[in-house]
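Descriptive analysis of the structure
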Amino acid sequence: MLDLTTKRSYTTTDGRTWDFYGDDTDASLFYVVPLPVLARDGDGRPVFRLVEYSTTGPQAAAGYCYLATDLTVPPDDMAQIVAYIRQLYPGITPVTNTLEFRSGGVATIRYVLDDGFARELNTTPSGFGSNRATFVIPLSPKALALFKAVFGGTTANGAISIVYQVSVDSRLPAVEVTVKFDSATAYEYQVRKTIQT
C-alpha cells in the first residue's frame, strides 16, 4: 500500500514534475502519480472534436467540444523517473505500479475567458484502465474562440485546465500516544459544582 511519508518529486526533460511514493511493505515498489492527457484512439489520434455551428444571429460561431482525457505517465517520462529512483536507492530494482483509485472520483474541465468569465463541467472518470473522463462542452462564441486558439496552438486570451480529484488508500506509520488525566482538576470542579448548588 502507498506510504505517504515517502513522497518524492522529479522533473523530466520535458519540464513536467512527477510525484511518486514508495510502498509500505515492498521497498522495490513505487507509485507514480499520473497526469491528465488527451486520450488517444486505436490509431493514436486524440479523442477530440471541435464543432462550430454555421448559424447567424446571437448564436453565430457557437458550437461544442467533445474530448476525452486519460490519467497516464508517458513511457519516456516513466523511464527517466525509474532511472532517478535507481540513483536514490542503489541496489534496488524499482518496479512501478498503477495507483488503485477508489470509486467516487471527479474530473473537472475549467475554462476562463479574457473577460474573467469562468465555467466548470464535472464528469465521473472510469474506475479502470487509464481512468478515462469524457466531456461534452457547449461553447459560446468567446469560448469557442478560446478552444480554437488553445488546441490550435496559437496565442489564447484565457485558460483551460483539467483536474482529477481522486482518492487512493494509504497507510500512515504507527504513532505512539501518551494520555494524562489529572483527577485533582475533575475533583475540584465537582466540589465547586456541589457547593454552588
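These figures come from a predicted structure and were not determined experimentally. The residue numbering used here restarts from 1 in each chain and proceeds along that chain's sequence as written. Where totals are concerned, whole chains, interfaces and linings use all residues; where local detail is concerned, this predicted model gives features only for residues with pLDDT of at least 70, and gives and counts side-chain atom pairs only at 80 or more. Computation of side-chain values: all heavy atoms of the structure, hydrogens and water removed.

For Thr-69, the location among the structural elements is in strand E6 (residues 63-72). Ignoring sequence-local partners within four residues, the contact set of Thr-69 consists of Val-37, Leu-38, Ala-39, Asn-131, Arg-132, Ala-133, Phe-135, Ile-162 and Tyr-164. Numbered from the N terminus, helices here are DSSP runs of H or I no shorter than four residues, and strands are runs of E no shorter than two. Contact criterion: two residues are considered in contact whenever any of their non-hydrogen atoms come within 4.5 Å of each other.

We define a nonpolar core as any set of buried Ala, Val, Leu, Ile, Met, Phe, Trp, Tyr and Cys residues linked to one another through side-chain atoms lying within 4.5 Å. Here the term buried applies to any residue with accessible area under 20% of the maximum for its type, exposed to any over 50%, and partly exposed to those in between, with areas from a 1.4 Å probe on protein chains only. The biggest cluster of nonpolar side chains holds 17 residues, and the ones touching the most others in it are Tyr-111, Phe-135, Ile-137 and Leu-139. Counting only elements with at least two residues in this core, the list comes to E6, strand E8 (106-113), strand E10 (133-139) and helix H2 (141-152). Ranked by size, the runner-up nonpolar core spans seven residues in total, among them Trp-18, Val-32, Ile-81 and Ile-85.

Note: strands within a sheet are paired through backbone hydrogen bonds, in either parallel or antiparallel orientation. A pair of strands counts as paired when DSSP detects no fewer than two bridges linking them. With antiparallel pairing, three strands are arranged side by side in an open sheet as E9-E8-E11. Each end of this open sheet is capped by a strand with a single partner; those strands are strand E9 (118-123) and strand E11 (158-165). Direction aside, the axes of adjacent strands within the sheet are offset by 15 degrees on average. Relative to E11, E8 runs antiparallel, the two sharing eight bridges. Note on E11: the bridge partner recorded for Thr-108 is Val-163. Every angle, taken between N-to-C directions, lies between 0 and 180 degrees, and every axis is a line fitted to C-alpha atoms, over only the stretch in contact when it is a helix. Of the strands in this sheet, E8 and E11 are in contact with H2, which crosses E8 at around 105 degrees.

Not every positive phi belongs to a glycine, and Asn-131 is a case in point at roughly 55 degrees. If you trace the backbone, Asn-131 turns up in the loop between E9 and E10.

Taken in spatial order, the five strands make up an open sheet running E7-E3-E2-E1-E12, and their pairing is mixed. Edge positions in the open sheet fall to strand E7 (95-97) and strand E12 (170-171), since each of these has one partner strand only. Pairing geometry for strand E3 (residues 29-32) and E7, over three bridges, is parallel. When the bridges of E7 are listed, Phe-30 appears paired with Thr-96.

When a carboxyl oxygen of Asp or Glu lies within 4 Å of a side-chain nitrogen of Lys or Arg, that pair is called a salt bridge. This structure, assessed with the given rule, holds ten salt bridges. Among the ionic pairs, Asp-14 bridges to Arg-16, the shortest N-O distance being 3.0 Å. Its relative accessible area of 30% is what places Arg-16 among the partly exposed residues. Asp-115 serves as the salt-bridge partner of Lys-142, at 3.4 Å between the closest nitrogen and oxygen. A residue pair is termed long-range when its members are at least 10 positions apart, and Lys-142 in helix H2 and Asp-115 in the loop between E8 and E9 qualify at 27 residues. For Lys-142, a relative accessible area of 44% corresponds to the partly exposed category.

As a further point, take the pairing of E6. Extensive coverage of E6 is indicated by the burial of seven of its ten residues. Bridge analysis of strand E4 (residues 35-38) against E6 gives four bridges, and the strand direction is antiparallel. Residue Leu-35 lies in a different strand from E6, and its bridge partner there is Thr-72. Pairing analysis gives five bridges linking strand E5 (residues 48-52) to E6, with the strands arranged antiparallel. Bridged to Val-51 within E6 is Tyr-64. Bridging between E6 and E10 involves seven bridges; their strand directions are antiparallel. Bridge pairing links Ala-68 to Thr-134 in E10.

These values are about where atoms sit, not about what they do.
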